[in-house]
Amino acid sequence: MPGGTSGIELAREIRLREPGLPILLTSGFAERSRNDALALDIPVLAKPYGLEDLRQAIAQLPINSG
């Protein structure tokens, strides 16, 4: 990501600012990101993925209205 920020760092900041916003990370290095993401309860979709994979991953995101 630009500026040296990782997806995990961005996800942490989003959680602080908007705790109910669903987050889905995508990564070509899913195994490297997976442990950090799991600790934050954030799903990781491994690249490459197809449109149906993305649709399913989005459909499984928790929707919080708070």
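Here is a short report on the structure shown in this document. (Residues numbered from 1 in each chain as written. Predicted model: local features only at pLDDT ≥ 70, side-chain atom pairs only at ≥ 80, totals over all residues. Heavy atoms only, no water.)

**So, the overall build of the chain**
So, step 1. Secondary structure summary: the chain contains 3 helices and 2 strands in total.
So, step 2. Moving toward the C terminus, one meets the helices and strands of the chain in the order α-β-α-β-α.
So, step 3. Residues counted as buried form 20% of the 66 residues belonging to the chain.
So, step 4. Put simply, 36% of the contacts in the chain that link residues at least 6 apart link residues at least 24 apart.
So, step 5. Roughly 5000 Å² of accessible area belongs to the chain as shown, and the carbon and sulfur atoms make up 55% of that amount. (Helix = DSSP H or I, 4+ residues; strand = E, 2+ residues; numbered from the N terminus. Buried < 20%, exposed > 50% of the residue type's maximum accessible area, 1.4 Å probe, protein only. Contact = heavy atoms within 4.5 Å. Areas by Shrake-Rupley, 256 points an atom, 1.4 Å probe, with all protein chains shown as cover.)

**Considering the nonpolar core**
So, step 1. Grouped together as the largest cluster of nonpolar side chains are 7 residues: I8, A11, I23, L25, A37, I42 and V44.
So, step 2. If sequence neighbours within four positions are ignored, A11 has contacts with I23 and I42. (Core = buried A, V, L, I, M, F, W, Y, C linked by side-chain atoms within 4.5 Å.)

**Considerations on the pattern of salt bridges**
So, step 1. In total, this model carries 2 salt bridges according to the counting rule given.
So, step 2. Its salt-bridge partner being R17, residue E13 comes within 2.6 Å of it at the nearest N-O pair. Taken together, the positions of E13 and R17, both in helix α1 (residues 7-17) and 4 residues apart, correspond to about one turn of that helix.
So, step 3. Here R17 falls in the exposed class, since its relative accessible area comes to 62%. (Salt bridge = Lys/Arg side-chain N within 4 Å of Asp/Glu carboxyl O.)

**Focus: unusual backbone geometry**
So, step 1. Note that the residue after K47, namely P48, is joined by a cis bond; omega there is -5°.
So, step 2. At D41, a position not held by glycine, the phi torsion is positive, near 60°.
So, step 3. Here D41 lies in the loop between α2 (30-39) and β2 (44-46).
So, step 4. Look at D41 and you get exposed, because its relative accessible area is 64%.

**Quick word on the side chain of S27**
So, step 1. Locating S27 in the fold gives a position in strand β1 (residues 25-27).
So, step 2. Residue classification places S27 among the buried residues on the basis of a relative accessible area of 10%.
So, step 3. Leave out the neighbours within four places in its chain, and S27 touches S33, V44, L45, A46 and K47.

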